Amino acid sequence: MPLALLLLLPSADAEPLYVAGARVAAGVATDGSLCDSTLELCLRWDPPGDAPMGDDLLWPGWAYEIWAAEWTGPGGATTLENGAPYTGSDLSPTWTYASGPDVDVLVGVASTPDADWELRVEAPWSGDVVWLTLTLTARARLADIHVARIVDVDADWAWTQSYATDNTVGEGWVASAGLWDGRAVVLAAPGGEARMCSACTTVEGLLAGTTTETEADVQIGVDVAVGTLEVGERAKVRFAYGFAMDVADAVDLAVGAAADDDHDDDGVGAPDDCDDADADVFPGAVETTDGRDEDCDGSVDEESAGVDDDGDGWAEVDGDCDDASADVYPGADPVDGVADADCDGEAEGIPDDGAGDEDTDDPDAAIVDDGIEVEGGCSTSGGSKGAALAFAALLVAAARRDRRAA
C-alpha cells in the first residue's frame, strides 16, 4: 500500500500536493518547497525491515524545507526564496501530475521576468529517495546563477522530542542522522557545495555556514553554482534526498540518485526515455495494444497484435498470421512463395525448390520454409513469432499492473 494512503485525508476545500511511493512520501507546497500544510506533511520515510515506522521528518519543528535561487540579470541582483509555510513564497507555479506506474511525479511551471522555471518532484514506487529537479530557461542574460535547497531534519522528534541531529558534510552532500536510532536523511546535488547553518533561508546565508560536523539543531543544505546563461539557454539542477538507517547507506542512495537520469530503472534515462515514470516505456521496448508509445518512436501501438500494420484490414488479434505482408490475411487468395496466405493453418502454394520437398494439402503436416519448422500457421516472414512475442509482452505488462494494484 502506498505510504500516502496512511496519511490523514485532507479537507474537502483544499487540494493537497504530494508524491508518494511504498515507503517515501513528500508534501509539496505551491512554491515547490517540501511541505503541504493541508496534509501537514513534509518528508516521511518508513524504514524497511525491523526499524520502527517513521514519522514526518520535518513537520514537528518548523516545517522547514526551502529552495532558493539568486542571479544577476538586467535589473541587477535578484533573489528567490521559497519555503512555504515557514518563509513564504516568491514563486507560484502551476502544478500537474505526470505519474506513471513506477514513479509518482508532480511538475510545476512558472515564469519570472528573467527566466522560465520547471520544478519536478518525484518519488519511486519502490525505493528510498526523492528527486527534486529544477530546470530554468533564461529570458535574459543571467550571470552568477546559484540554486540551493535547505532543510531542517528532526529525525528524533517522534521518539525523544529532540530536535538535535548528528550533522555531517561531504563532497556534494550533507547528512542529518537521528541520535536515537541513527536513521539518516542525506541531501545531495552533483557538483554542489554543502553547508550547515542556523536558520538560513538564502543562498548567501547557506554559503556562510560551516562544514564542521556537529550534534545540534541546525539546518543543512547544498548550493549549486550554475554560472551564466544567455537568452534561450537552459540549465537543469537535480537534488535528491536519500533515506537509510545509517549515514553511509543514505549517502550512497542520495549521491547515486542525484546523478541518475533513469528514475524508473528501465535502463534508459531522460531525455531519451519518453516516459521515465514507466519502466515499460523506453526506446526499443515492445509495443503492446494499450494506447501508449512504449518504444518512444512517436507512433502508438504499431507492430502490436491489435494494430493492422500492413494495411490489409486485419490485425493479428483478428487472425492475420503475417501482419508485415498485405498479401496475407484470413481469406486471402494463394500467393506464390507464401505457405499459408489465407491463415487457415493449411499449407498451399509452396513451390518445389528442387530440394526434395513436396507440396502437401495435409492440414496436419508441418510447414517448412527457409529451414524454419512450425506446426500450422505462417512461416515466411516471422509474423507468428512476432505475434507470440507481442502477446508475451502483454502478459508481462498485465502482471506488472496486477502487482501495482495488489
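A. Seen up close, the pattern of salt bridges. Overall, the coordinates contain eight salt bridges when judged by the stated rule. Among the ionic pairs, R44 bridges to D46, the shortest N-O distance being 3.8 Å. Here D46 falls in the buried class, since its relative accessible area comes to 8%. R139 is the partner of D116 in a salt bridge, and the nearest nitrogen-oxygen pair spans 3.7 Å. Of this pair, D116 sits in strand 8 (residues 115-124) while R139 sits in the loop between strand 9 (129-138) and strand 10 (142-151), and the two are 23 residues apart along the sequence. Overall, the relative accessible area of 30% leaves D116 in the partly exposed class.

B. Expanded view of the pairing of strand 5 (residues 76-82). Here strand 4 (residues 65-73) pairs with strand 5 via seven bridges, running antiparallel. Residue pairing in the sheet places A68 in a bridge with E81 of strand 5. Linking strand 4 back to strand 5 in an antiparallel pair, the connection comprises two residues.

C. Seen up close, the nonpolar core. Formed by 53 residues in total, the largest nonpolar core has its most connected members in W117, V130, F239, Y241 and F243. If you look at the next biggest cluster of nonpolar residues, it comprises 18 residues, including A175, A250, V251 and A254.

D. Examining empty space enclosed by the protein more closely. For the coordinates displayed, the defined rule picks out two cavities of 30 Å³ or more. W45, G54, D55, D56, L57, P60, D154, A155, W157, A158, W159 and R183 together form the lining of the largest cavity. Tallied by class, the residues present in the lining of the largest cavity amount to seven nonpolar, one polar and four charged. Taken as a whole, the second largest cavity encloses approximately 30 Å³ of empty space. Sorting the residues of the lining of the second largest cavity by element identifies strand 8 and strand 9 as the ones contributing at least two each. Looking at the lining of the second largest cavity, its residues break down into four nonpolar, two polar and two charged.

E. Examining the state of the cysteines more closely. Per the counting criterion, the structure on display carries two disulfides. Between the sulfur atoms of C35 and its disulfide partner C42 the distance amounts to 1.9 Å. Handedness of the C35-C42 disulfide follows from its S-S torsion of about 105°: it is right-handed. C42 carries the same exposure label as C35, and that label is buried.

F. Just the sheet that holds strand 3 (residues 43-45), in detail. Ordered in space as 1-2-3, the three strands form an open sheet in which the pairing is antiparallel. A strand with exactly one partner marks an edge of an open sheet, and here the two such strands are strand 1 (18-20) and strand 3. For this sheet the average axis-to-axis angle between neighbouring strands, irrespective of direction, equals 5°. In this structure, strand 1 lies alongside strand 2 (residues 24-27), joined through three bridges in antiparallel fashion. The residue bridging V19 from the neighbouring strand is A26, located in strand 2.

Quick notes on the rules
- Residues numbered from 1 in each chain as written.
- Predicted model: local features only at pLDDT ≥ 70, side-chain atom pairs only at ≥ 80, totals over all residues.
- Heavy atoms only, no water.
- Salt bridge = Lys/Arg side-chain N within 4 Å of Asp/Glu carboxyl O.
- Buried < 20%, exposed > 50% of the residue type's maximum accessible area, 1.4 Å probe, protein only.
- Helix = DSSP H or I, 4+ residues; strand = E, 2+ residues; numbered from the N terminus.
- Pairing = 2+ DSSP bridges.
- Core = buried A, V, L, I, M, F, W, Y, C linked by side-chain atoms within 4.5 Å.
- 1 Å grid on protein atoms, 1.4 Å probe; cavity = no way out; pocket = protein on both sides within 12 Å on 5 of 7 lines; lining within 4 Å.
- Points joined across faces, edges and corners; volume = space filled by probe spheres on them.
- Nonpolar A, V, L, I, M, F, W, Y, C, P; charged D, E, K, R; others polar.
- Disulfide = S-S within 2.5 Å.
- Axes fitted to C-alpha atoms, helices over the stretch in contact; angles between N-to-C directions.

Such coordinate-based values are descriptive only and should not be taken to indicate function.
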